[in-house]
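Residue-level structural notes
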Amino acid sequence: MRKWFINSVLGSACLLLSIHLAAQTARPIVVDVDKPISSIQPTMWGIFFEDINFAADGGIYAELVKNRSFEFAKPLMGWKILKTDATEGLLILNRGDSNAANPRFARITRNNPDEKFGLENEGFRGMGIKKGMTYHFSLLAKNTEAYPLKIRVELVSEKGQVIGTANLAPEKGDWRRYTADFAAIGTDSKAKLDIWFEGQGSVDLDMISLFPDDTWKNRPGGLRADLVQLLADLKPGFVRFPGGCIVEGYELATRYQWKNTVGKIEDRKTMINRWNTEFKHRLTPDYYQSFGMGFFEYFQLAEDIGAEPLPILSCGMACQYNSAEVAPMDQLGPYIQDALDLVEFANGAADTKWGKVRASMGHPAPFNLKMMGIGNEQWGAQYIERYEAFVKAIKGKYPEIKLVTGTGPSPDGKFFDFAAKELKKLHAEIVDEHYYANPEWFLQNATRYDKYDRSGYKIFAGEYAAQSKSGANPDNKNNWRCALSEAAFMTGLERNADVVSLCSYAPLFAHVDGWQWTPDLIWFDNLNAYGTPNYYVQKLFSNNKGTQVLPATRDKLPLTGQNGLYGSAVLDKETNEIIIKLVNTTGKMVNQTITFDGVKRIGSKAILTVLKSDYPDAVNSLEQPNQVYPARQEFFVKGKSFQTILPASSFSVYRITLAK
Ligand code: AHR
């Protein structure tokens, strides 16, 4: 690992205050406390959830069984037949239109009760099982035989030990849900589920499911609590969902349709995930969407973690990198209707058509949806035309809903310029810009919004991440060099909070064995998860958001990279604190004086949090999740200024309470 600069001993010892001889002394930074520049939107720092890298199935959705309803293109993908006698039978039957959302089911027939016959599910690269945890097994079964088969369930560790068992005896009769709860007696991140059938006869099965008890808020069939907690800890202002390209689909038929993701779980139609085949070097043939994490769960998640929902809807254009299929203008009606109905699903009274669906799912109160995005990374005249049609219909019915539009996949170039010009003419409210670029781009673009037009739309920095190699390169790493450049860039977003009102890193999640795209904010396996250095940068910004931007200058100039220093300052009116963020991108520590103008004195306890590494290539991992981790320290400020040390290649956040 290459070292950033020479004096690591001094670097780690000098978190704060004591002036070290080896450090360079810099001209003071002045923060004007009584000259707030603009307000900061409560939505400023949010998150972007897309079902990529096993983020939903295999990730935040805690279901452990893959292909639980046999609806993958290959109905037995994820399943293995366990048998000792060739005469034993499994059939996959199809109900066709009589159950269009979930047509297939399995019929098990046993002729020879002396032989063993079973099915094994491999989970999502295994199943994460915890010793002592209760597991809830369930399935739908139908039985026409007088003597139905009995079912024995076994959780089996990677090494072949049985670490949990349960028994079920479906009775004669029509489709019914059967459940069995049991405790695991071992821990394993790659366990499997074996289902053994005993006796003679047959049974029909569907929706074979296994959930841990410790879901988020202990909701049955809910979300993985450790992953939700990592999101909650960010205190995000909004959650953008469900994408990303997944909104658009490879072709229109595989676009994300929210109506297929609500209601009873067995009625949500499983669909291929567009990231299944996207990257030849990372093919993921077993990547599907069960929609267990659907639009209801999304709204509920946003509500749980105190964030505004920001759904993004198909605008009738499939991914322009893929099929580029477009719904003709005279056939856009159903797409627009989906958008209108989503507002009703989120906000409508419990006696409206879609409000009733929400209420039946356990949430009679509205979700209070305020914003909605039209299309993802679309470009060209076709997009503008479709966007206009959506605006007309949505604003006509729901003028209070703020609409988000976009400038396509790049932060510059001809598609970007065209969209920016057209969207300005249309008085767009919020425009989504995406930046996937190298760390140098992020440093250079810390001033991107300093001169942006203030009379036009607001900016949604909707997808960004520094790429250590190149865009979506499989060798990209979530290293400290990238995270530090994002911190520098984000000081520019913060300084310009009058024009930038929403920001989110992308993508959010990645399974260490199931990813397609890197870098990603949070990585996990079937049992554990960790935040990347980039995660801690995001967290430091969003946990220190403030309410007003303050001028922070050196020699009367904003801190935009002179001598490698980037910075911004905010006031938090609610807590009466000044928050200063300083990013030292140089390999040298710096003695820094910070002076406050516009106050008589600052007299109080303060907190400094520093995120740093001596190694630009430093990363966190499951084995070493805290290689780059914020260190927190209290200090005291007296009078109107204080001195501090900015360690080499560091991001420092100061929270200072104003004297009363
Ligand atoms: O974040 C991953 C992908 O990058 C998103 O799906 C898409 O919008 C962008 O191209």
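The rules behind the values
- Residues numbered from 1 in each chain as written.
- Predicted model: local features only at pLDDT ≥ 70, side-chain atom pairs only at ≥ 80, totals over all residues.
- Heavy atoms only, no water.
- pLDDT = per-residue confidence, 0-100.
- Contact = heavy atoms within 4.5 Å.
- Near = heavy atom within 4 Å.
- Polar contact = N/O pair within 3.5 Å; in protein donor to acceptor, adjacent residues only side chain to side chain.
- Areas by Shrake-Rupley, 256 points an atom, 1.4 Å probe, with all protein chains shown as cover.
- Nonpolar A, V, L, I, M, F, W, Y, C, P; charged D, E, K, R; others polar.
- Pairing = 2+ DSSP bridges.
- Helix = DSSP H or I, 4+ residues; strand = E, 2+ residues; numbered from the N terminus.
- Axes fitted to C-alpha atoms, helices over the stretch in contact; angles between N-to-C directions.
- Domains from an automatic or database assignment.
- Buried area = accessible area lost by both parts, 1.4 Å probe.
- Expected span 1.5 Å × (residues − 1).
- Buried < 20%, exposed > 50% of the residue type's maximum accessible area, 1.4 Å probe, protein only.
- Core = buried A, V, L, I, M, F, W, Y, C linked by side-chain atoms within 4.5 Å.
- Salt bridge = Lys/Arg side-chain N within 4 Å of Asp/Glu carboxyl O.
- Lys, Arg positive; Asp, Glu negative; His and termini not counted.
- Phe/Tyr/Trp six-rings, centres within 6.5 Å; stacked < 30°, edge-to-face > 60°.
- Lys NZ or Arg CZ within 6 Å of the ring centre and 35° of its normal.

On to the confidence of the model for the protein chain. Interpretation of the predicted coordinates at a detailed level should be avoided for regions scoring low in pLDDT. Confidence along the protein chain averages 94 in pLDDT terms, with 96% of residues attaining 70 or more. Considering only residues more than four positions removed or in separate chains, one finds that residues 1–21, a stretch of pLDDT under 50, has 62 contacts.

Before going further, it helps to spend a moment on the site of the ligand. Around the ligand sit F48, E50, G244, C245, W275, N376, E377, Y436, E463, A506, P507 and W517, and that is every residue in its neighbourhood. Within the side chain of E377, one N or O atom sits 2.8 Å away from an oxygen atom of the ligand. Note that an oxygen atom of the ligand is positioned 2.7 Å from one of the side-chain N or O atoms of E463. Burial of the ligand by the protein chains amounts to 95% of its free accessible area of 280 Å². Classifying every residue of the shell around the ligand by side-chain character gives seven nonpolar, two polar and three charged.

This brings us to the pairing of strand β33 (residues 590–597). In the sheet, strand β1 (residues 24–25) pairs with β33 via two bridges, with the strands oriented parallel. By the bridge assignment, Q24 is partnered in β33 with V590. Note: strand β2 (residues 29–32) against β33, four bridges, orientation parallel. Within β33, the position partnered with I29 by the bridge is I594. Relative to strand β36 (residues 641–646), β33 runs antiparallel, the two sharing six bridges.

Turning to the sheet that holds strand β15 (residues 201–212), a few remarks are in order. A sheet is described by the order of its strands in space; here five strands give the open sequence β6-β7-β15-β10-β13, paired in antiparallel fashion. Both edges of this open sheet fall to β6 (89–94) and β13 (173–183), since each of them pairs with a single strand only. Adjacent strand axes in the sheet meet at a mean angle of 30°, parallel and antiparallel pairs treated alike. Both strand β7 (residues 104–110) and β15 contribute to a ladder of five bridges, which runs antiparallel. Residue I108 lies in a different strand from β15, and its bridge partner there is V203.

Domains assigned within the protein chain are domain 1 (2–39 + 548–658), domain 2 (47–62 + 216–542) and domain 3 (79–212). Relative to domain 3, the C-alpha centre of domain 2 lies at a distance of 36 Å. Between domain 2 and domain 3, the contact holds 20 residues from the first and 21 residues from the second. In total, domain 2 and domain 3 occlude about 1,500 Å² of area from one another, counting both sides; carbon and sulfur atoms represent 58% of this.

The next subject is helix α5 (residues 333–347). Here α5 contains 15 residues, and its C-alpha end-to-end distance of 21 Å stays within 8% of the 21 Å for a straight helix at 1.5 Å per residue. With eleven of 15 residues buried, α5 lies mostly within the body of the structure. Turning to α5, the residues buried within the fold contact α4 (295–304), β19 (308–313), α6 (353–360), β20 (371–374) and α7 (381–397).

Relative to the assigned elements, E433 resides in strand β22 (residues 430–437). Here Y452 takes part through its side chain, which lies 2.6 Å from a polar atom of the side chain of E433.

The next subject is the environment of V228. Position of V228 relative to the elements: it lies in helix α2 (residues 225–233). A relative accessible area of 0% means that V228 is categorised as buried. The sequence separation of V228 and D304 amounts to 76 residues, and the corresponding C-alpha distance is 9.5 Å. In contact with V228, not counting residues within four places along its chain, are I60, W216, L223, L301 and I305.

Side chains of nonpolar character tend, in soluble globular proteins, to be buried together. Membership of the largest hydrophobic core comes to 127 residues, with the highest contact counts inside it found for I305, M372, L493, F509 and F651. Here the element with the most residues in this core is helix α10 (residues 480–495); it accounts for nine residues. In this structure L493 touches M44, W45, Y449, A461, Y464, V500 and C503, once residues within four positions along its chain are discounted. Counting residues in each nonpolar core, the second largest holds 35 residues, with A106, Y178, A184 and L205 among its members.

Let us now look at the pattern of salt bridges. Within this structure, the stated rule accounts for 33 salt bridges. Residue D498 is joined to R454 by a salt bridge in which the shortest nitrogen-to-oxygen separation is 2.9 Å. Of the two residues, D498 is situated in the loop between α10 and β24 (500–505) and R454 in the loop between α9 (439–444) and β23 (458–466); the sequence distance between them amounts to 44 residues. Each of K66, E122, R125 and D286 takes part in salt bridges that share partners, so that together they form one network.

Our focus in this paragraph is the side chain of D57. With respect to the helices and strands, D57 occurs in the loop between β4 (47–48) and β5 (79–83). No salt bridge is formed by the buried D57. Its closest oppositely charged neighbour is R68, at 6.4 Å. There is a polar contact of 2.7 Å between the side chain of D57 and the backbone nitrogen of S290. With residues near it in sequence (within four places) discarded, D57 still touches D51, F124, Y287, Y288, Q289, S290 and F291.

This part is about the packing of aromatic side chains. Evaluated as defined, the whole model comprises 51 aromatic pairs. Ring geometry for Y435 and F489: centres 5.2 Å apart, planes at 75°, overall edge-to-face. With Y435 in strand β22 and F489 in helix α10, this residue pair connects regions lying 54 residues apart in the sequence. For the pair Y435 and F489, a shared accessibility class is recorded, and that class is buried. Geometrically, the ring pair formed by W441 and F489 is tilted, given 5.6 Å between the ring centres and 45° between the ring planes. Here W441, found in helix α9, pairs with F489, found in helix α10; they are 48 residues apart in sequence, far enough to count as distant. Of the two residues, W441 and F489, both sit in the buried class. Stacked on the ring of W275, the Lys or Arg R274 has its end atom at 4.8 Å from the ring centre. The cationic tip of R282 hangs over the ring face of W515; the distance from NZ or CZ to the ring centre is 3.7 Å.

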